[in-house]
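Read off the chains here:
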2 protein chains.
Amino acid sequence: MLAAMSRDTLTADQIVRAAIELLDGEGLDGLNMRSLGKRLGSAATAIYWHIKTKDDLVRLAGDAVWREVELPDLDGTDWRTAAAAMATGMHAMLTRHPWLGQAFGSHLLYGPGKARLDDHSLAIYEKAGFAAADADQAAGTVFVFVLGSALGPASQVSLTRRLGRNGADAERLLAETVSRAAEVAMEFPRLRERLGTAAAADYAMAPEGSFEFGLRAILDGFEARLAT
Amino acid sequence: MLAAMSRDTLTADQIVRAAIELLDGEGLDGLNMRSLGKRLGSAATAIYWHIKTKDDLVRLAGDAVWREVELPDLDGTDWRTAAAAMATGMHAMLTRHPWLGQAFGSHLLYGPGKARLDDHSLAIYEKAGFAAADADQAAGTVFVFVLGSALGPASQVSLTRRLGRNGADAERLLAETVSRAAEVAMEFPRLRERLGTAAAADYAMAPEGSFEFGLRAILDGFEARLAT
DNA sequence: CATGCGATTGAACTAAGTGCAATTGGAGGC
DNA sequence: GCCTCCAATTGCACTTAGTTCAATCGCATG
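Position numbers for residues start from 1 in each chain and track the written sequence from start to end. Numbering of ligands from 1 and lettering of chains from A proceed in the order in which they are written. For this predicted model, a pLDDT threshold of at least 70 governs which residues receive local features, and a threshold of 80 or more governs which side-chain atom pairs are given and counted, while totals over whole chains, interfaces and linings are taken from all residues. Hydrogens and waters are ignored; side-chain quantities use all the structure's heavy atoms.

Novice: How should the UniProt feature "DNA-binding region" (unreviewed entry) in chain A be read in this particular structure?
Specialist: In the numbering used here, UniProt assigns the "DNA-binding region" (unreviewed entry) feature to residues 32-51 of chain A. Strands here mean DSSP runs of E at least two residues long; helices mean DSSP runs of H or I at least four residues long; both are numbered from the N terminus. Between the end C-alpha atoms of residues 32-51 of chain A the distance is 14 Å, and the span holds 40% helix and 0% strand. UniProt positions are given in the numbering used here, feature names are shortened, and annotations may be inferred rather than shown by experiment.

The following block contains the structure:
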C-alpha cells in the first residue's frame, strides 16, 4: 500500500505548498481555507482530512520555509563570514515570505526546520569562541533582529490586502496612509529634516541598507565582547 | 457646548483604554468588538460611533502605548546611557503590551506616539556622532531588535488564548506544545546539549537576559563603528 | 461484481467585523 | 413645562471565515 492512490488526491505537502503561495501573496491574514481549497481544486473542507487546523497549517508552512535557508559551511571560513551568510540567508528567506515574521508573533513555531537553523547558529557562535550560554544569546540576538526586520514588509502586505477588501484601490489608500504618516513626522524637527519634501513618503519604511547596517553592528559587537 | 453630556456616554479615549486592557490580556487576536462592548457596558456597535474600524482602534491603541515610554534626558549623560535607557524603556513597554509587536506585523503604526520616539532616538544617535543617514539606521536597528524581542512573548499570549478557546485547559496544552518543541530539539546535538532533561521545556522561550545581551552587542557595535 | 474504507463534498454551526434603520434621552428654544 | 432635534445607542442582519458532520464517492481488493 505504498503506491499512490490513482484518484487525484490531496497530500499534506501539496496543501502546505499552496498555502505558502497564498501566504506570500496575501500575508498571514490573507490565508483562508476557502481560497486555499479553490487553489487546490477541491472543497475547502477537504483540507481537514490532511491537516488538523489552520494553526497547524501555518506551523507546517513556517517550518517548511525555514528549510529554504542554506547552512553555510563552517570549515574553511571564519565564524563572522558564516554568521553573516546565515543571517543574510534568513533575511532573504523572510523577504520572500514576510508572513513568517507575523506568524512568530502569534504561533509558536519551533519545529525541525527552525531547530536545524538554531543548531547551526550555535555551532557558528561556539566556533567564534562564545561559551555555551553566550552562544545561545548571540544566536538569539541575530534571530530576533532578522525577524524584527521582516515586520515592516509584512505589515505592508497585510495592510494592502485589508485596504483592498471593499474593492477599493489598495495602492492609493496605502499611499495615503504613508503620506499621512509623513505629515505627522513633519511635526518633529529631526524627522522633518530627513523628509525632504521629495522623499516625504519614505518615512514609515525602513531606509535602504538598514539590515546590513544592523547586522554589521551586531557582529561588531560580538567581536568586541570576544576580545575582552 | 464644551460641557460633557450628562448621559453616560462613551468617548474614544475610554474605548482605547479598554481596548488596551483587552489586548494586554488576550493578545491582538483576542480583541473583538463584542467583548470590548461588554467591557464598556454598551453594545458592540456603539463603538463605531466613535471609532471608524477595528484597524483604526488598533492604530490608536498602538500610538497610545508608545507614549508610555519615557524619553531620557540628553544633557548630562553620554549617548550610550541614553540609548540604553530608551531601548530598555521600549522593551519594558513591549513587555507590558506584547501585542504591539504583533500589530507591527500587520498594521502601519506611524502616529505621533511613535514619531516622538523616533525623533528622540535620532537625537541620541546624532549626539553619539553618527551622520544623519547613519543615525537613522542605528535607530532602526535598535527599534527592530526591540520589536523582534517582543514577538516571543506575544505569541505565547496569542497561542494560549487560542488553545483555551474550546474550553480546554490552555496551560496544559501550551506545556504540551513546548515539550513537543523540546523533543524536536533533542534530535540536534547542540540543542540537546543545552536541554538538560530538567530544563527541557525551556527551548522555545528566549533565555533569561537575552535582551540585555543583544542590546549591549548592538551598542558595542555602534561604538566600534564610531571609533573608525 | 460486491465490499470497504480512504478521501471528498456540501450543508450548517459558530465567531466576529460592520452597516443600517429604528430608538432613546437629554439640551435648548418657546 | 413641553416640544423638538440630534448625538449616541441599540438590535438586527449581512458577510467572511474556521470548523464539524453526515452523506457520498470511487478505487483497490476479495
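Past the structure itself, the notes keep going.
Novice: Where do I start with the environment of A:Leu226 in this structure?
Specialist: Relative to the helices and strands, A:Leu226 is located in helix H10 (residues 210-227). Ignoring anything within four residues of it in the chain, the contact list for A:Leu226 reads A:Trp79, A:Ala128, A:Gly129 and A:Phe130. Whether two residues touch is decided by their heavy atoms; if any such pair falls within 4.5 Å, the residues are in contact.

Novice: Any chance you could explain the interface of chain B and chain A here in plain terms?
Specialist: Listed as interface residues are 65 residues of chain B and, on the opposing side, 65 residues of chain A. What gets called buried area is simply the loss in accessible area from a 1.4 Å probe that two parts show on being joined, summed for both. Both sides of the chain B and chain A interface together cover about 5500 Å² of buried area, and 63% of this is carbon and sulfur. A per-residue breakdown of the area chain B buries against chain A is headed by B:Leu108, B:Arg194 and B:Phe213, which together make up 14% of the total. A pairing counts as a salt bridge when a side-chain nitrogen of Lys or Arg comes within 4 Å of a carboxyl oxygen of Asp or Glu. Applying the counting rule to chain B against chain A returns 8 salt bridges. We note a salt bridge from A:Arg190 to B:Asp119, for which the minimum N-O separation is 3.2 Å. Pairs of N or O atoms are called polar contacts if they sit within 3.5 Å, as long as, within protein, a hydrogen donor faces a hydrogen acceptor (for residues adjacent in sequence, only side-chain-to-side-chain pairs). Where chain B touches chain A, the interface holds 20 residue pairs in polar contact (both at pLDDT 80 or more). When contributions to the side of chain B that touches chain A are tallied by element, the ones reaching two or more residues are helix H6 (99-104), helix H7 (112-128), helix H8 (132-163), helix H9 (170-185), helix H10 (189-194) and helix H11 (210-227) of chain B. In terms of residues, the side of chain B that touches chain A owes the most to one element, H8(B), which gives 18 residues. Residue polarity is assigned by list, with Asp, Glu, Lys and Arg as charged and Ala, Val, Leu, Ile, Met, Phe, Trp, Tyr, Cys and Pro as nonpolar; anything else, Gly included, falls into the polar class. A class-by-class count of the residues in the side of chain B that touches chain A yields 32 nonpolar, 17 polar and 16 charged.

Novice: Is there a simple way to think about the packing of aromatic side chains in this case?
Specialist: The relation between two aromatic rings is expressed through the spacing of the ring centres and the mutual angle of the planes. Between the rings of Phe, Tyr and Trp (Trp by its six-membered ring), a pair exists once the centres lie within 6.5 Å; its type follows the angle of the planes, with under 30 degrees stacked, over 60 edge-to-face, and the other angles tilted. The full count for this structure, using the stated rule, is 22 aromatic pairs over all chains. With 5.6 Å between their ring centres and 85° between their planes, A:Phe130 and A:Phe222 make a pair best called edge-to-face. With A:Phe130 in the loop between helix H6 (112-128) and helix H7 (132-163) and A:Phe222 in helix H10, this residue pair connects regions lying 92 residues apart in the sequence. Type-normalised accessible area, obtained with a 1.4 Å probe on protein chains alone, sets the label of each residue: buried when under 20%, exposed when over 50%, and partly exposed for intermediate values. Judged by relative accessible area, A:Phe222 falls into the buried class, the value being 1%. With 6.0 Å between their ring centres and 85° between their planes, B:Trp66 and B:Phe104 make a pair best called edge-to-face.

Novice: Even after reading the chapter, I still don't get helix H3 (residues 54-66) of chain A, so can you show me in this structure?
Specialist: Multiply 1.5 Å by the residue count of a helix minus one, and that product is the helix's expected span. Look at H3(A): 19 Å from first C-alpha to last across 13 residues, which is about the 18 Å you get at 1.5 Å a residue. Along H3(A), the positions that sit buried rather than exposed are A:Asp55, A:Leu57, A:Val58, A:Ala61, A:Gly62, A:Asp63, A:Val65 and A:Trp66.

Novice: So what exactly am I meant to see when it comes to the confidence of the model for chain A here?
Specialist: The predicted coordinates should not be examined in detail at positions where pLDDT is low. For every residue, the pLDDT score states the predictor's confidence, bounded by 0 at the bottom and 100 at the top. Per-residue confidence for chain A gives a mean pLDDT of 92; residues scoring 70 or more make up 94%. Averaged pLDDT values for the elements of chain A fall to 88 in helix H8 (residues 170-185) of chain A and rise to 98 in helix H4 (residues 79-96) of chain A.

Novice: Could you clarify how one ought to interpret the pattern of salt bridges in this entry?
Specialist: If the charged atoms of two oppositely charged side chains come close together, the side chains can form a pair. Scanning the model with the defined rule gives 30 salt bridges over all chains in all. Across the pair B:Asp13 and B:Arg17 runs a salt bridge, and its minimum N-O distance is 3.4 Å. Highlighted residues: B:Asp13 and B:Arg17, both in helix H1 (residues 12-26), separated by 4 residues, approximately one helical turn. The salt bridge involving B:Glu223 is made with B:Arg80; its shortest N-O contact spans 3.5 Å. In this pair, B:Glu223 sits in helix H11 while B:Arg80 sits in helix H5 (residues 79-96), placing the two residues 143 residues apart along the sequence. On the basis of relative accessible area, B:Glu223 is assigned to the partly exposed category, the value being 35%. Overall, B:Arg80 belongs to the buried group, its relative accessible area being 19%. Through salt bridges with shared partners, one network takes in A:Arg80, A:Arg216, A:Asp220 and A:Glu223.

Novice: Could you clarify how one ought to interpret the relation of the copies chain B and chain A in this entry?
Specialist: Two chain copies, one operation linking them: a rotation about an axis together with a shift along it. Copies overlap after least-squares fitting; the atoms used are the C-alpha atoms of residues with pLDDT of at least 70 in both. Superposition record for chain B on chain A: RMSD 0.1 Å, screw rotation 180°, translation along axis 0.0 Å. Within this description, the copies of the chain are treated as partners about a two-fold rotation axis.

Novice: When you look at the packing of H7(B) against H8(B) in this model, what are you seeing that I'm missing?
Specialist: Residue and element names in this part refer to chain B. At a closest axis distance of 9 Å, the pairing of H7 and H8 adopts a crossing angle of 120°. Judged by the angle between their axes, H7 and H8 are oblique. Considering how the two elements wind past one another, H7 and H8 form a crossing that is right-handed. Contact with H7, carried on its side by Lys114, Ser121, Leu122, Tyr125 and Glu126, involves Ala135, Asp136, Ala138, Ala139, Val142 and Phe143 of H8 and no other residues of that element. When grouped by side-chain class, the residues that make up the contact of H7 with H8 number 7 nonpolar, 1 polar and 3 charged. Lines are fitted to the C-alpha atoms to define the axes, a helix being fitted only along its stretch in contact, and any angle between axes, read from their N-to-C directions, falls within 0 to 180 degrees. These descriptions rest on fixed angle ranges, namely under 35 degrees for roughly parallel, over 145 for roughly antiparallel, 65 to 115 for roughly perpendicular, and the rest for oblique. Crossing chirality is assigned from the near helix's rotation relative to the far helix, an anticlockwise turn below a right angle marking it left-handed and a clockwise turn marking it right-handed.

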